Amino acid sequence: MLLCIDTGNTNTVFSIWDGEKFLAHWRISTDHRRTADEYFVWLSTLIAVQKFELQINGCIISATAPRVVFNLRVLCNRYFDTRPLVVGKPDCALPVEPRVDVGTTVGPDRLVNTVAGFDRHGPDLIVVDFGTATTFDVVDTDGAYVGGVIAPGVNLSLEALHMGAASLPHVDVTRPAQVVGTNTVACLQSGIFWGYIGLVDGIVTQIREERQRPMKVIATGGLAPLFDQGFDLFDAIEDDLTVHGLRLIYDYNKEMGNV
């Protein structure tokens, strides 16, 4: 069985692959102070509740928050007796290397989403990930990551408004009943919702024009369905895109003899 760990700036997802399907996905807040022992107690409790009989013999990690990697490595080494692959490190090979400026470090989540998107949808993709940041990843004809766009995330924008303007409340992200708000909450919700509809549509349009070819748009991240309410922005929404990519990268490295 394979343990896939996807660590973002806000949350970390642990997923168990049994060779045929994912048995479970568990989420915990990302905290670099959390020790390997704490991770294991939390994981083992969830495993016991769901009455799984697990024998983890492989681990792979994607971490946009580098400070958590050490304790995740210790978790895999100490409790599962396995050396984890870490996406973005030299010993973790990719099916196709990214083509970016020399010296550029690409976020591991973007590399993983590229691999997964190409596997499921083929070439010429734009992968939109609604996370702490809203990212647009461009996948070339051979499956290579060739660049993209980074914009502030939806919740990050709301938090910045709330912190920067004392009179503005914190609001939930939802589609407002109408564009023109008649109270402060409705105005904020409209600005965020329609602002991000315009942001996604505008950036996708510009990428297509620059690439001069048709490109599918695949969305992932918890807020993706919110922005797919009849606007035809996305060709597909993939909830498990990142963990699917982690599994593919692990299998590739296994074939290459790296694990």
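Residues numbered from 1 in each chain as written. Predicted model: local features only at pLDDT ≥ 70, side-chain atom pairs only at ≥ 80, totals over all residues. Heavy atoms only, no water.

In this section: the UniProt feature "binding site: ATP" (unreviewed entry) in the chain. If you check UniProt for "binding site: ATP" (unreviewed entry), the listed places come out as Asp6, Thr7, Gly8, Asn9, Thr10, Asn11, Thr12, Val13 and Thr132 in our numbering. A maximum C-alpha distance of 14.3 Å places the annotated residues, which cover 127 residues in sequence, within one compact spot. Its place among the elements puts Asp6 in strand β1 (residues 2-7). When its relative accessible area of 16% is taken as the criterion, Asp6 is described as buried. When near neighbours in sequence (up to four residues on either side) are disregarded, Asp6 contacts Asn11, Thr12, Val13, Ser62, Thr242 and Leu246. Judged by relative accessible area, which is 12%, Val13 ranks as buried. Among all residues touching Val13, those that are not within four sequence positions of it are Cys4, Ile5, Asp6, His25, Trp26 and Arg27. (UniProt positions renumbered as here; feature names shortened; annotations may be inferred. Helix = DSSP H or I, 4+ residues; strand = E, 2+ residues; numbered from the N terminus. Buried < 20%, exposed > 50% of the residue type's maximum accessible area, 1.4 Å probe, protein only. Contact = heavy atoms within 4.5 Å.)

Moving on, we get to the packing of aromatic side chains. Applying the stated rule across the entire model yields eleven aromatic pairs. On the basis of an interplanar angle of 15° and a centroid distance of 5.2 Å, the ring pair of Phe130 and Phe227 is categorised as stacked. Highlighted residues: Phe130 in strand β6 (residues 125-130) and Phe227 in the loop between β9 (216-220) and β10 (236-237), separated in sequence by 97 residues. The exposure classification of Phe130 matches that of Phe227, with both residues buried. Ring geometry for Phe193 versus Phe227: centroids 5.6 Å apart, planes at 15°, classification stacked. Linking Phe193 in helix α5 (residues 184-211) with Phe227 in the loop between β9 and β10, this pair joins segments that are 34 residues apart in sequence. Across the pair, exposure class does not vary: Phe193 and Phe227 are buried alike. Taken together, the ring pairs connect Phe130, Phe193, Trp194, Tyr196, Phe227 and Phe234 into an aromatic cluster. (Phe/Tyr/Trp six-rings, centres within 6.5 Å; stacked < 30°, edge-to-face > 60°.)

This brings us to the sheet that holds β1. Strands sit in the order β3-β2-β1-β4-β5 across an open sheet of five strands; the sheet is mixed. In the strand order of this sheet, the two ends are held by β3 (22-29) and β5 (85-86), each with one partner. Of the strands in this sheet, β2 (11-17) and β3 touch helix α1 (residues 36-49), which is tilted by about 140° from β3. (Pairing = 2+ DSSP bridges. Axes fitted to C-alpha atoms, helices over the stretch in contact; angles between N-to-C directions.)

Another point: the domain arrangement of the chain. Split into domains, the chain comes out as domain 1 (2-86) and domain 2 (108-240). One C-alpha centre belongs to domain 1, the other to domain 2; they are set 27 Å apart. Tallying the contact residues gives five residues for domain 1 and four residues for domain 2. A combined buried area of about 400 Å² lies between domain 1 and domain 2, and 59% of that area is made up of carbon and sulfur atoms. Summed over the shared surface of domain 1 and domain 2, the result is zero salt bridges. The class makeup of the residues in the side of domain 1 that touches domain 2 is one nonpolar, four polar and no charged. (Domains from an automatic or database assignment. Buried area = accessible area lost by both parts, 1.4 Å probe. Salt bridge = Lys/Arg side-chain N within 4 Å of Asp/Glu carboxyl O. Nonpolar A, V, L, I, M, F, W, Y, C, P; charged D, E, K, R; others polar.)

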